[in-house]
Amino acid sequence: RIRAFCATNKMTIVSSAIEGAKNAIGAGGSQRDFDELLDRACSEGCPFDAIVVASASRVARRVGEFESYADRLSAAGVLLITVDDGGANLLGKGA
């Protein structure tokens, strides 16, 4: 679903991470992986224009936490895009 969205929208995938289907981020090692991705995305010379995820629920269990991630990324000039039901939501202050 994410690869198809990126292809349709002419987005180049420069890095990918696939977390287990049973665990949303926030349960163990997946959270560390996402935190590392956030740090990389927010660092100087960031290689990303956007982070594309299947759904908000795969990033955070609470809406406020998800919005915090989106705002942090937006401040660094990176969009957080969720792909739900064939559509997309661009999230963050600048979206």
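Residues numbered from 1 in each chain as written. Predicted model: local features only at pLDDT ≥ 70, side-chain atom pairs only at ≥ 80, totals over all residues. Heavy atoms only, no water.

Asks: Please clarify how the pattern of salt bridges should be interpreted in this entry.
Replies: Two side chains carrying opposite charge are able to pair once their charged atoms lie near each other. Counted under the stated rule, the structure contains one salt bridge. With its nearest N and O atoms 2.7 Å apart, the salt bridge here joins Asp-39 to Arg-72. Linking Asp-39 in helix α2 (residues 29-42) with Arg-72 in helix α3 (residues 63-75), this pair joins segments that are 33 residues apart in sequence. (Salt bridge = Lys/Arg side-chain N within 4 Å of Asp/Glu carboxyl O. Helix = DSSP H or I, 4+ residues; strand = E, 2+ residues; numbered from the N terminus.)

Asks: Please explain the confidence of the model for the protein chain as it appears in this structure.
Replies: For residues with low pLDDT, the predicted coordinates do not support detailed interpretation. Within the protein chain, residue pLDDT values average 75, and 74% of them lie at 70 or more. Of all the helices and strands in the protein chain, strand β3 (residues 87-91) carries the lowest mean pLDDT, 53, while strand β1 (residues 50-53) carries the highest, 88. For residues 21-28, every residue scores under 50 in pLDDT, and the model assigns this stretch 15 contacts once sequence neighbours within four places are set aside. (pLDDT = per-residue confidence, 0-100. Contact = heavy atoms within 4.5 Å.)

Asks: Could you clarify how one ought to interpret the pairing of β1 in this entry?
Replies: Looking down a regular strand, the side chains alternate between one sheet face and the other. Relative to strand β2 (residues 79-84), β1 is paired through four bridges, and the arrangement is parallel. Across the sheet, the residue bridging to Ala-50 is Leu-79, located in β2. With α3 bridging β1 and the parallel β2, this β-α-β connection has right-handed handedness. (Pairing = 2+ DSSP bridges. Right-handed = clockwise from strand over helix to strand, strands pointing away.)

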